[in-house]
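Examination of the molecular architecture
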Amino acid sequence: MRRTVLVLFVAFVIFSCKSTYQSGTTKDADLNELVTLMQGNYSSEKQSIQDTSYFNISLRMVPIMKSKGNYLYVEQALFKKQDKPYRVRIYKVSRRNETEFASEIYTLKNEKDWIGRWKTPEDFDALTENDIELKTGCEVILKRMKKNKFSGSTGEKTCPSELRGASYATSKVTITPDQILSWDQGFDKDGKQVWGATKAGYIFDKLK
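Residues numbered from 1 in each chain as written. Predicted model: local features only at pLDDT ≥ 70, side-chain atom pairs only at ≥ 80, totals over all residues. Heavy atoms only, no water.

1. Quick look at the overall build of the chain
- When helices and strands are counted, the chain shows three helices and 13 strands.
- Here the chain, with 208 residues, has 41% of them falling under the buried criterion.
- Look at the contacts in the chain between residues 6 or more apart in sequence, and 44% of them connect residues 24 or more apart.
- Summing over all exposed atoms, the chain offers an accessible surface of approximately 12,800 Å²; the carbon and sulfur share of this is 53%. (Helix = DSSP H or I, 4+ residues; strand = E, 2+ residues; numbered from the N terminus. Buried < 20%, exposed > 50% of the residue type's maximum accessible area, 1.4 Å probe, protein only. Contact = heavy atoms within 4.5 Å. Areas by Shrake-Rupley, 256 points an atom, 1.4 Å probe, with all protein chains shown as cover.)

2. Quick look at the packing of aromatic side chains
- Using the criterion set out here, one finds six aromatic pairs in the structure.
- Summarising the aromatic geometry, the rings of Trp114 and Phe124 are spaced 4.9 Å apart at their centres and angled 25 degrees between planes, so their arrangement reads as stacked. One end of the pair, Trp114, is in the loop between β5 (100–108) and β6 (132–134); the other, Phe124, is in the loop between β5 and β6, with 10 residues separating them in the sequence. Comparing Trp114 with Phe124 shows no difference in burial state: the two are buried. (Phe/Tyr/Trp six-rings, centres within 6.5 Å; stacked < 30°, edge-to-face > 60°.)

3. Some remarks on the state of the cysteines
- Enumeration according to the criterion identifies one disulfide in this entry.
- There is a disulfide in this structure between Cys138 and Cys159, and the S-S distance comes to 1.9 Å. Of note, the bridge from Cys138 to Cys159 carries an S-S torsion of about 85 degrees and is right-handed in sense. Placement of the pair is Cys138 in the loop between β6 and β7 (140–146) and Cys159 in strand β9 (residues 159–160), with a sequence separation of 21 residues.
- Look at Cys138 and you get buried, because its relative accessible area is 6%. (Disulfide = S-S within 2.5 Å.)

4. A few points about the pattern of salt bridges
- Under the criterion given, the structure shown has nine salt bridges.
- Residues Arg87 and Asp184 are paired through a salt bridge, measuring 2.8 Å at the closest nitrogen-oxygen approach. Taken together, the residues span a long stretch of sequence, with Arg87 in strand β4 (residues 87–95) and Asp184 in strand β11 (residues 179–187) at a distance of 97 residues. Each member of the pair, Arg87 as well as Asp184, carries the same accessibility label: buried.
- Between Arg96 and Glu100 there is a salt bridge whose closest N-O contact spans 3.3 Å.
- A relative accessible area of 17% places Glu100 in the buried class.
- What emerges from the salt-bridge pattern is a single network uniting Asp28, Asp30, Glu33, Arg95 and Arg144. (Salt bridge = Lys/Arg side-chain N within 4 Å of Asp/Glu carboxyl O.)

5. Section: the environment of Trp114
- The exposure class of Trp114 is buried, given its relative accessible area of 11%.
- Trp114 sits 39 residues away from Glu75 along the chain, and the two C-alpha atoms are 9.9 Å apart.
- Ignoring sequence-local partners within four residues, the contact set of Trp114 consists of Tyr73, Glu75, Leu108, Asp123, Phe124 and Leu127.

6. Quick notes on the nonpolar core
- Leu34, Met38, Met61 and Ile175 are the most contacted members of the largest nonpolar core, which totals 31 residues.
- Apart from residues lying up to four places away in sequence, Met38 is in contact with Met61, Leu72, Tyr91, Val93, Ser103, Ile175 and Ile180.
- Tyr71, Ile90, Leu108 and Phe124 belong to the second-largest nonpolar core, a separate cluster that totals 12 residues. (Core = buried A, V, L, I, M, F, W, Y, C linked by side-chain atoms within 4.5 Å.)

7. Points about the confidence of the model for the chain
- With 88% of its residues at a pLDDT of 70 or more, the chain shows a mean pLDDT of 90.
- Low pLDDT, under 50, characterises residues 4–20; the stretch is placed with four contacts to residues that sit more than four places away or in other chains.
- Contacts for the low-pLDDT stretch residues 22–26, under 50 throughout, to residues beyond four places or in other chains number four contacts. (pLDDT = per-residue confidence, 0-100.)

8. Regarding helix α2 (residues 29–38)
- Taken together, the buried positions of α2 are occupied by Leu31, Glu33, Leu34, Val35, Leu37 and Met38.
- Phi turns positive one or two residues past the end of α2, at Gly40, with a value near 145 degrees.

9. Observations regarding the pairing of strand β13 (residues 202–206)
- Counted residue by residue, β13 has four buried out of five residues, so it is predominantly covered.
- The pairing of strand β1 (residues 40–43) with β13 spans two bridges and is antiparallel. Residue Ser43 lies in a different strand from β13, and its bridge partner there is Asp205.
- Here β11 runs beside β13; their pairing, made up of four bridges, is antiparallel. By the bridge assignment for β13, Ile180 is matched with Phe204. (Pairing = 2+ DSSP bridges.)

The structure is reproduced here in structure tokens:
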């Protein structure tokens, strides 16, 4: 009898853990850790000083729409032109399975109307599905490498891109408490790189 009760208890614990992972609730400690690490203000200034082939880039990732899930509003701009970001996105971060997480990428249909609203994140509560569009195939799949470190990438040729003659784009990302390492590259149909850093990715240091 005791053996049966013990088996049932273990099964219940395992099922509960799996259910929590699948639902992506606030009880998912690893997911919360990832989202917390991602958010913040970043700069690649140090890297740009050490290697002038890299630009000084500003990166902002601010949590929004907290009642709907784990969403981040993202702006990326030349540090001296932060009022004119060249990339405006929304990331939806969720657990994909027991070992992987997905950062899905959304564009804003009227992105100019949202630039700078990281200052008032509550404004994004008004967003609807008609205001955003999923970049299919461009999600970054991440794995927890150790405590406070996640790493991953997009699929090899899954993310379409037309920027500067590209056919597809790839992203490789590593996230730690103090930095985000991000390597975005665009390739033409023959696999020749047409945009993005060529040596290695950008090193974004989190600003205090």
